[in-house]
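Chains, contacts and geometry: an overview
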Amino acid sequence: MRFLAALFIFLFANAASADCPLDLGRGTGWVVFSDHYMIAFRPEPIRIEVGQPFSLLFNVCTKSNSPAELLAVDAVMPEHKHPMNYRPTIVAGADGRYRADGLVFHMPGRWELSIDVRAGEESERLTHDFILK
Amino acid sequence: MLLAALMSPAAAQELVDWSIDEVRAIERHGPWPPPLVRDPSNRVSGMPAAIALGEHLFNDPRLSANGRMSCATCHQAGRNWSDGRAKGFGTVDLDRRTPSLWNVGYAHWFGWDGAGDSLWAQTIRPILDRREMAGSAAQVGRLLRDDKDLACGYERAFGSKAGVDDEHLLVDAVKALAAFQATLVSPRTRFDAFRDALVAGDRAATARYPLSEQRGLKLFIGTGNCDTCHFGPRFTNGEFGDVGIAFFVRPGEVDSGRLGGLAKLANSPFNLLGRYNDDASGASAARTRHVQRLHANFGEFRVPSLRQVGRAAAYMHDGSLATLEEVVRHYSEVSLDRLHSDGTPLVRPLGLTPQQRTDLVAFLRSLDADPPPRLAPPSLCP
Ligand SMILES: [Cu+2]
């Protein structure tokens, strides 16, 4: 079965500031957050298919709505304990916007995406799970 | 065979039940055939004139140094586009089995070690390899310029006369060869009829798929865990794995598989990052650009497609298993010591009963059908 990206629709009324919009267009994608960070992202193409390269578009913000830095993106299958066979590269845009290219999930099952972000001195890893079928 | 036939009527009453998740997993192995894909790195991909030229070149022994070996020597239409041998044989014995060319146009890594990142680049290897056709760019260039039919076929396919740059002509020749190979799509099978009926909810049609094959399929997508690697319509995720086949070629000499393949890929002037990629967007080179070398790549080989698998003369990259029964026994008894995995092992001894092994083999054989007879290619420039 195909993995549909439109799983979560978040309504963050107070986060919808112009500096750090969480909507990456099309109104779909995911939002992950911690005490310090809020990250919105969506895949391109919009469906992630087993074995097919895809990119992730990010908007990385601090909780106080200022842009933050995306350091690294990676993924593993925790059950099988293996990484991706591909190493993504990150291209930075303006205002906390980033694009990670060259991701491939080569098996069905659970993939754990890790997103390393930084604002000032503090860096942090946020994660998100995908179940591919 | 007779015994099995006598025993089956009793079983014919049972039904195999499929959960929603199982139906979805089965659905992912189709539909078949998929639409033909155009390779953006090959500007003549999918073009009839290039396909025709490619088929002629495929059968032409003048691409080889001794004038006696063509692609069709080792990839024979009547032998499942392989050679009927456990390991390839060129001017000397080769260390790996000749893979079938069915559905090769849908792949993205080529060769058992994935040393090729496009069908056309992969096609250069046998032409130049001294153990195989031992040819050269100069020889290919001369042939395309001097042979009347091929020169005419070249002009029709590429829209200009064959030039003087031999390397360029070698690349054009393999692009035509690739266009031809991409047309080799295996026929629909009993499994495909079952899969379509199951997805459509047509119970009468699903009942025509024998119970043993249905039970084998249930194992394949269930406890066997086979479809984590043998995924999708071609029954391969197109990547690499280690299923516990020995990687010693001779005492003291190993086939490092994917690890060596990645080194060859990086060193090839014909990879998709090089100047012969016709895709200006660069998108077709995404895998080549991002692939990373991992410790685990040592001893990994490409996950083979399982379509038409019952027709192979031997199995695995080294042809070390002679029959599908042996392959299934291997997965049933494989040693965990040989497979170093810290997580839940993808391949582990399944401990199958004789009935389960029979079912799994029956399922694998249902991925097979007789291809329609092939006609001789029309002449290039009548
Ligand atoms: Cu995995």
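Above: the structure in question.
This write-up is about the structure you can find in this document. Source: prediction; values computed, not measured.

**Structural notes on the coordination of the copper ion**
Residue and element names in this part refer to chain A. Only Met77 (SD), His80 (ND1), His82 (NE2) and Met107 (SD) from the protein coordinate the copper ion, and they sit 2.0 to 2.4 Å from it. Taken together, the four donor atoms coordinating the copper ion span angles of 101 to 124° at the metal, a pattern that classifies the geometry as tetrahedral. When the donors of the copper ion are listed by position in the chain, the intervening gaps give M-x2-H-x1-H-x24-M. Pair noted here: Met77 is in strand β4 (residues 69-77) and Met107 is in the loop between β7 (97-103) and β8 (109-119), with a separation of 30 residues, a long-range link. Here Met77 matches Met107 in class, with each residue buried.

**Observations regarding the pairing of strand β1 (residues 30-33) of chain A**
Of the pairings in the sheet, the one linking β1 of chain A to strand β2 (residues 37-44) of chain A comprises four bridges and is antiparallel in character. Bridge pairing in β2 of chain A places Val32 of chain A opposite Ile39 of chain A.

**Some thoughts on the state of the cysteines**
Residue and element names in this part refer to chain B. All told, the structure shown has one disulfide over all chains when counted by the stated rule. Between the sulfur atoms of Cys152 and its disulfide partner Cys381 the distance amounts to 1.8 Å. Measuring the twist about the S-S bond at about -95°, one finds the Cys152-Cys381 disulfide to be left-handed. Of this pair, Cys152 sits in helix α7 (residues 148-158) while Cys381 sits in the segment after α15 (354-365); the two residues are 229 residues apart in sequence, bridging distant segments of the chain. In this structure Cys152 comes out as partly exposed when scored by relative accessible area, which is 23%.

**Describing the sheet that holds β1 of chain A**
The pairing of strands in a sheet comes from backbone hydrogen bonds and takes either a parallel or an antiparallel form. Residues and elements named next belong to chain A. Strands sit in the order β1-β2-β3-β7-β6 across an open sheet of five strands; the sheet is antiparallel. The sheet is open, and its two borders are formed by β1 and β6 (89-92), each paired with just one other strand. Across the sheet, the mean angle separating the axes of adjacent strands is 25° when strand polarity is ignored. Sheet topology places β2 next to strand β3 (residues 54-62); eight bridges connect them, and they run antiparallel. Residue pairing for β3: Ala40 is matched across the bridge by Asn59.

**Let's talk about the environment of Gly310 of chain B**
All names here are of chain B. Residue position: Gly310 is located in the loop between β4 (301-302) and α14 (324-333). Looking at Gly310, the relative accessible area reads 24%, which means it is partly exposed. Along the backbone, Gly310 and Leu36 are 274 residues apart, and their C-alpha atoms lie at a distance of 24 Å. Apart from residues no more than four positions distant in its own chain, Gly310 is found in contact with Tyr315, Leu324, Arg365 and Asp368.

**Examining the nonpolar core**
Residue and element names in this part refer to chain B. Of all hydrophobic cores here, the largest spans 45 residues; its most connected members are Leu53, Leu57, Trp120, Leu144 and Leu177. Of all elements in the fold, only α3 (48-58), α5 (119-128), α6 (137-146), α7 and α8 (166-181) reach the threshold of two or more residues within this core. The element contributing the most residues to this core is α8, with 10 residues. If near-sequence neighbours (up to four positions away) are discounted, Leu53 is found in contact with Leu150, Gly153, Tyr154, Ala157, Phe158, Ala176 and Leu380.

**Considerations on unusual backbone geometry**
In terms of backbone geometry, most residues other than glycine have negative phi values and most peptide bonds are trans. Following Glu44 of chain A, the chain continues into Pro45 of chain A via a peptide bond in cis, with omega recorded as 0°. Along the chain, Pro45 of chain A turns up in the loop between β2 and β3. One non-glycine residue with positive phi stands out, namely Lys81 of chain A, at about 50°. Along the chain, the position of Lys81 of chain A falls in the loop between β4 and β5 (82-83). Accessibility expressed as a relative area gives 53% for Lys81 of chain A, which makes it exposed. Phi is positive for Phe235 of chain B, close to 60°, though the residue is something other than glycine.

Definitions and limits used
Residues numbered from 1 in each chain as written. Chains lettered and ligands numbered in written order. Predicted model: local features only at pLDDT ≥ 70, side-chain atom pairs only at ≥ 80, totals over all residues. Heavy atoms only, no water. Donors = N, O, S within 2.8 Å, 3.2 Å for Na, K, Ca; no water. Tetrahedral: all angles 85-135°; square planar, octahedral: opposite > 155°, others 65-115°. Helix = DSSP H or I, 4+ residues; strand = E, 2+ residues; numbered from the N terminus. Buried < 20%, exposed > 50% of the residue type's maximum accessible area, 1.4 Å probe, protein only. Pairing = 2+ DSSP bridges. Disulfide = S-S within 2.5 Å. Axes fitted to C-alpha atoms, helices over the stretch in contact; angles between N-to-C directions. Contact = heavy atoms within 4.5 Å. Core = buried A, V, L, I, M, F, W, Y, C linked by side-chain atoms within 4.5 Å.

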